[in-house]
Each structure stands twice: as structure tokens, then as C-alpha cells.
Amino acid sequence: MGRSDSCQVFLVMPDKALRVGVVMDPIRSITPKKDSSLAMLLEATRRNAEIHYFEQADLRILAGQALGRSRRLEVRDNNDAWFEFGSEQDITLGDLDVILMRKDPPFDMEFVYTTYILDRAAASGCLIVNNPQALRDMNEKAYTAWFPDYTPLTTRSMDDMRAFLAEHGHVVIKPLDGMGGKSIFVIKKGDNNANVIFETLTDYGRRFAMVQQYIPEITLGDKRILLIDGEPVPYALARIPSANDNRGNLVMGATGKGQPLSDRDQEICAAVGPVLRERGVIFAGLDVIGDYMTEVNVTSPTGIRELDRQFDLNIAGLMFDAIERRLA
């Protein structure tokens, strides 16, 4: 793994089957053939793990202890019938070996409250993927500012946005709490819609938003690079926008094309990966357009199933290897 041209899985066998929890959006609503959470759960099943399923409403704290209303979960790689629930029970989250926090954004206060509960589970000995504090600290858009050498210029006030557009001529503006390409706008100098876009995304200056330089290489794809415990999978998923859209998001019609990491991609991963590992981020996705990193995704990164199919990989296997090393 890492900076090689192949991606191998080295199994680390635990002394006993793992007890795995997953917090996610309703599993019945996912698209199985594309869902990275399902890929993780299928790998857990291959390892004979005991899987406990939760949605946010199933979690609570009582007397300082993190608890959850669990449904036992079985999954299969079947696009028509991919899951089955078993028995329900109240469990202490700290008794689980690992919890996969896979709730999609928006990153709202309900998400934050969930990370507080997961903090209490971690204090009782459960490994949370990813670390709850990292989930709170690493906003997927704003955290790029921690790596200015690899990030396009950014700003956020309405006056600054107008000046930024005037200076650079072609920009991208996005909210800080979204995902999947929602509410992302591409604006050129002279666009009479610019002011209303700035007003809408910032709620007339009352909310933070981000504006970045437009990177022309978006036409070649918005690359998703997956990192496992700080090390990159050696292939990126280039999400190439459709002819009638600017956004490199699969849910918005982009086409996913796998490709080897470039030298610049490797350089970015070498700078970002160790920081993520130190902060307890076991599974992350970097978004790179051309030579620049535009997002650091730590909440519920996707791309596993597309890369697995194109390159005969087992990325979830690499992730569980890293989990088991941490638990050893």
C-alpha cells in the first residue's frame, strides 16, 4: 500500500470476532452498488463481525454513559436485497470494539451532538472511525486552510467575495456544511447573478461560505483520493462533470474514471496524511482538482466501490486492517 502501483490487503486476524457499530442514514435509502458504508459492512461480514446498526435518534447519554438502541444487521452484496435487521437491544456503546460514524452531512448541531455521544463511547474504550473531535474540527471545506501550499485561494465575506471575483475573474462559491455538490456555484466576472448568489449563500453576511479560484482542470475531473490511516490508495477516482454541469460529483451526473495518483497527488498526500493519522482519522477522502486540494472529507467519504470495481481492490479490507492494528 501507500506509494506503490498495487494495492494489497494483509489481514490482521483478531483474537475474536469484532463487535462493530455503524451510525448512518437509513440503510434502506442507500444505492448499494455505489455505497461505501455498505462496502465497509460487507468487509466486516467477511471477517465474521457482529454488526450493530444505529441511526442518530438511537443514541443517548445516561449518567455519563453512551448508550444505543441497536438493531443487529446482516448485509449482502445484492442490489435488490442488501440488508436484513435482526433483534433489537439496548447496549453500552463502549462495549463495542469499533463504531463507524458514517452519517452524511449536513454538518449541523444534531451531527455535533452525536459526536459528543461518541466521545463518551471512546472514553469507555471503543474506537470511533473517525475520531469525534476530528469530525468536529475538520470542516471539509475550511480545513483546506491548514495546507495553504496545496489549496486555491479562499475567502468568505460578501465584500471580499466581490473583490475576489473582480480580481480572479472566475470563481467557485460553496456552503461549508453541504455535500454532494449541493449549492455550489461557478461565477464569472460580469455575471449579474453574482450578488444574489453571495447574498443567498451567506444569508446576507450572517453565515460563512467559501469562495475559491476556479480551476480549469475540473474538465479533467475532480479527483477523490482515499487515505487509510494516512496512506493513500494508489488510484484516484476522477469525477468528470457532465457536459451540462460544472460539478464533479457522481450524484450530480459526473462520470467516475479511475487513474493512478500523479506526483502532485502523492505530494499532497504526503503532507496531509500524517496530520490526519495523528488526529485519529482512519478513513478520509481528499478532493483534488489539477494541482490543488479543494476539500478534506472526513465525515463519510465515498468512492470505495467504484475504485474496487475498476482496479480489483478491497479498500474496506485495508481500512479494517488499520482498525485491527489500532485495536491490537
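Residues numbered from 1 in each chain as written. Predicted model: local features only at pLDDT ≥ 70, side-chain atom pairs only at ≥ 80, totals over all residues. Heavy atoms only, no water.

### Here we look at the overall build of the protein
Selection criterion: What counts as a helix is a DSSP run of H or I of at least four residues, what counts as a strand is a run of E of at least two, and both are numbered from the N terminus. The contact criterion used is simple: two residues touch if any of their non-hydrogen atoms lie within 4.5 Å. Accessibility throughout is a Shrake-Rupley quantity obtained with a 1.4 Å probe, and a residue counts as covered only by protein chains that appear here.
The number of helices and strands found in the protein is eight helices and 17 strands. Summarising the internal contacts of the protein: among those between residues at least 6 apart in sequence, 69% fall at separations of at least 24. Total accessible area computed for the protein in this model is approximately 14,800 Å², and 47% of it derives from carbon and sulfur atoms.

### Here we look at the environment of Ala57
Rules: Remark: exposure states derive from per-residue accessible area (1.4 Å probe, protein chains only) relative to the maximum for the residue type, with buried under 20%, exposed over 50%, and partly exposed in between.
Inspection of the secondary structure puts Ala57 in the loop between strand E2 (50-54) and strand E3 (59-62). Ala57 sits in the exposed class, given a relative accessible area of 79%.

### Brief notes about helix H5 (residues 194-202)
To be explicit about the condition: It is the directions from the helix axis to the C-beta atoms that the arc portrays.
Looking at H5, one finds that the buried residues are Ala194, Ile197, Phe198, Leu201 and Thr202. Buried residues along H5 cover an arc of 110° about the axis, so they all sit on one side. Packed against the buried residues of H5 are helix H4 (158-168), strand E9 (170-175), strand E10 (185-188) and strand E11 (209-213).

### Notes on the pattern of salt bridges
Convention followed: In the sections that follow, a salt bridge refers to a side-chain nitrogen of Lys or Arg positioned within 4 Å of a carboxyl oxygen of Asp or Glu.
Taken as a whole and judged by the stated rule, the model has 26 salt bridges. With a shortest N-O distance of 3.0 Å, Asp287 and Arg239 are connected by a salt bridge. Residue Asp287 is found in strand E16 (residues 283-289), and its partner Arg239 is found in strand E14 (residues 235-240); the two are separated by 48 residues along the sequence. In this structure, a network of salt bridges that share partners links the residues Glu43, Arg46, Arg47, Asp321 and Glu324.

### Notes on the side chain of Arg224
Selection rule: In protein, a polar contact requires one atom able to donate a hydrogen and another able to accept it; more generally it is a pair of N or O atoms within 3.5 Å, and residues adjacent in sequence count only if both atoms are side-chain atoms.
Here Arg224 shows up in strand E12 (residues 222-228). A polar contact is formed between the side chain of Arg224 and the side chain of Asp287, at a distance of 2.6 Å. Engagement of the side chain of Arg224 in a polar contact is seen with the backbone oxygen of Thr302, the distance being 3.1 Å. Excluding anything up to four places from it in sequence, Arg224 contacts Ala236, Leu237, Arg239, Gly285, Leu286, Asp287, Asn297, Pro301 and Thr302.

### So, the pairing of E14
Going by this rule: Pairs of strands are assigned from DSSP output, requiring at least two bridges between the strands.
Taken across its six residues, E14 has five buried, putting it largely inside the fold. The pairing of E12 with E14 spans three bridges and is antiparallel. If you follow Lys223 over to E14, its bridge partner there is Ala238. Note that E14 and strand E15 (residues 255-260) share six bridges and pair antiparallel. In the strand pairing of E15, Arg239 is matched with Gly256.

### Some remarks on helix H7 (residues 304-311)
Within H7, the full set of buried residues consists of Ile304, Arg305, Glu306, Leu307 and Asp308. Tucked inside the fold, the buried residues of H7 contact helix H1 (36-46), E12, E14, E15, E16 and helix H8 (315-327).

### Topic: the environment of Thr200
Structurally, Thr200 is set in helix H5. A relative accessible area of 55% places Thr200 in the exposed class. As for Thr200 and Ser183, which are separated by 17 residues in sequence, their C-alpha atoms are 9.8 Å apart.

### Some thoughts on the packing of aromatic side chains
Note the following rule: The pairing test for Phe, Tyr and Trp rings, Trp by its six-membered ring, is centres within 6.5 Å, and the orientation test on the planes gives stacked under 30 degrees, edge-to-face over 60, and tilted for anything in between.
Following the criterion strictly, the structure yields eight aromatic pairs and no others. With 6.4 Å between their ring centres and 40° between their planes, Tyr113 and Tyr116 make a pair best called tilted. Here Tyr116 and Tyr113 lie together in helix H2 (residues 109-123), a separation of three residues that amounts to about one turn. Residue classification places Tyr116 among the partly exposed residues on the basis of a relative accessible area of 40%. Note on Tyr235 and Phe311: the rings are 3.8 Å apart at their centroids and 15° apart in plane angle, and the pair reads as stacked. Of this pair, Tyr235 sits in strand E14 while Phe311 is found in helix H7, placing the two residues 76 residues apart along the sequence. On the accessibility criterion, Phe311 (25% relative accessible area) is partly exposed.

### Section: the environment of Glu306
Examined against the element boundaries, Glu306 turns out to sit in helix H7. Exposure remark for Glu306: the relative accessible area of 10% places this residue in the buried category.

### Here's the deal with the confidence of the model for the protein
What counts here: A residue's pLDDT is simply how confident the predictor is in it, with values from 0 to 100.
Model confidence for the protein is summarised by a mean pLDDT of 90, while 90% of its residues fall at 70 or above. Every residue in residues 1-13 is under pLDDT 50, and counting partners more than four places away or in other chains gives 33 contacts.

### Overview of the nonpolar core
For clarity, the cut-off: Put simply, a nonpolar core is a bunch of buried Ala, Val, Leu, Ile, Met, Phe, Trp, Tyr and Cys residues held in one set by side-chain atoms that sit within 4.5 Å of each other.
Of all hydrophobic cores here, the largest spans 39 residues; its most connected members are Ile27, Leu100, Ile315, Met319, Phe320 and Ile323. A per-element tally of this core places H8 first, with seven residues. Ranked by size, the runner-up nonpolar core spans 36 residues in total, among them Ile99, Phe111, Cys126 and Val298.

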